[in-house]
Amino acid sequence: MRALTATESLLLGLRFLFVANRINRMPYFSTDRIREYQLSRLQKLVRFAYKNVPFYRRKYDEAGMRPEDIRSFSDFKRLPTVTKQEVILNYPHDIIARGTDLNSCVISKSSGSSGSVLNVVYTANALITYVLAGFRVFTMIMDYRPWHKQVYIYTSPYPMNNVLGAYRLYFIPTVNDIGDTVEKLKQIKPDLLVCYPSHLRQLSQNLSKSGKAYIKPHAISVNSEMSTQRERDELSEFFGCGVYDEYSTEELTRVAAQCKSKNYHVFEDINYIEVLDEDGNDAAEGQVGEIVGTNLHNFCMPFIRYRQSDLGSLETKTCPCGRNFRLLKELKGRKNDQFILPDGKILSSGFMLDASYGLILEFEDAILDFCIVQEKRNVIVVEVIPGGKYTKEMGRKMEERFKEMIKADVDIKVRPVEKLYKTISGKQNPIISKV
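Peer 1: In this structure, what is going on with the overall build of the chain? I would like to understand it.
Peer 2: Scanning the chain from N- to C-terminus turns up 12 helices and 19 strands. A compact globule built from 435 residues would reach a C-alpha radius of gyration of about 22 Å, and the chain, at 22 Å, matches this within 12%. Counting every position in the chain, which comprises 435 residues, the buried fraction comes to 54%. Residue pairs in contact within the chain that sit at least 24 positions apart in sequence constitute 64% of those at least 6 positions apart. Element-wise, carbon and sulfur atoms account for 49% of the exposed surface of the chain, whose accessible area totals about 19600 Å². Once the 61 positive and 53 negative side-chain charges of the chain are each reduced to a mean point, those two points are 4 Å apart.

What follows is the structure, given as structure tokens:
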């Protein structure tokens, strides 16, 4: 991802001054006002995509839909959904809007569990909106001030490292040695720490009591990997501050984030989110289905009714924090990583992670990290990085406990390994299905 130019950085700073207040106020708008804003953006986006993006024109013509047909959310939901593979096959000529200068755009990459690399293109103006949404993530979990220092452990640097000299950002690569990362954190003393859950676990394992005295953030934001609330609560107790999750993707950017009440608020002004059942219809409120999203700001490479392959449910409910954005509930991970057992029973990756984490805590002195892999419908391998107190007997006990937990005719194997699989970006998926 390229860095912003001096002009773009100045624009970001100025826009931050004028727009940040609205970005932070919008979650408190009335539901009617939020829906009105979303429908207006959806209509504008569909008109633009039909006129300027060949892929969408063909797709909507085949479906017998025209932009002028979109007068309501029900009309919008008649548009066909879009898959990642379709976007990849039509990149760049048929999925990028005509007249787009790729050299002036920001390009990020998404791979995910499919292994297929997808370039995601957006303008610097859209990036500024996403950055402001990122600031809102942080203001939801702490009193984020201009003089606060943020350390983010990530794949590559953000396009900017401050906003008009304030809100300083310090970057540490995910591939950095964990010991060196601890030393850098001691030197910087961040007010806000942003990282993957797996990195936070590593930090907790490598921090001595003396090291903890130097690292006292006001809040920690984790993202990009699955984690359980129980795990975040444990890490919160260790670090002495709240640990909150954010759900985002390369294609849709900011999707939802936890507030201090630990509820996930959908970022309704960044994306229009739907949840569909197995038949492609609206899932009932609270019913788990596939998350489908439309980014409201990416016009150079639109993602309209884009299938995320993630599972979750939506709920319209008042949150103690007072925000009126809908709540994303039952976030259960990727559909592709759910376990299908021999009798046809389905265990979501979210269920597996939640149940497994509780079990691993029983062996916390012996297990440094873990990954659960379904090799076949009747074979599940639990890969563990053993700690100093690990024994073969513990491995056998873990196999027995996993079998009790799953309650199915499945062969459970615990396999000690030196390291767990990670993507080239440094992400770790703790639940993997090869079925």
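Next comes the rest of the write-up.
Peer 1: For this particular structure, what's the right way to read helix α8 (residues 197-206)?
Peer 2: Each α-helix turn comprises 3.6 residues. Residues three or four places apart therefore point the same way. Most of α8 is tucked away, with 7 of its 10 residues classed as buried. Of the positions making up α8, those classed as buried are Pro197, Ser198, His199, Leu200, Arg201, Leu203 and Ser204.

Peer 1: So what exactly am I meant to see when it comes to helix α12 (residues 392-406) here?
Peer 2: The end-to-end C-alpha separation of α12 is 21 Å, in line with the 21 Å expected for 15 residues at 1.5 Å each. Taken together, the buried positions of α12 are Gly395, Met398, Phe402, Met405 and Ile406. Each buried residue of α12 lies within a common arc of 85° when the element is viewed along its axis, so the set occupies one face. Taken from the residues just after α12, Lys407 is the one with a positive phi, measuring 55°.

Definitions and cut-offs
Residues numbered from 1 in each chain as written. Predicted model: local features only at pLDDT ≥ 70, side-chain atom pairs only at ≥ 80, totals over all residues. Heavy atoms only, no water. Helix = DSSP H or I, 4+ residues; strand = E, 2+ residues; numbered from the N terminus. Rg over C-alpha atoms; globule rule 2.2 N^0.38 Å. Buried < 20%, exposed > 50% of the residue type's maximum accessible area, 1.4 Å probe, protein only. Contact = heavy atoms within 4.5 Å. Areas by Shrake-Rupley, 256 points an atom, 1.4 Å probe, with all protein chains shown as cover. Lys, Arg positive; Asp, Glu negative; His and termini not counted. Charge placed at Lys NZ, Arg CZ, Asp CG, Glu CD. Expected span 1.5 Å × (residues − 1). Arc of directions from axis to C-beta.

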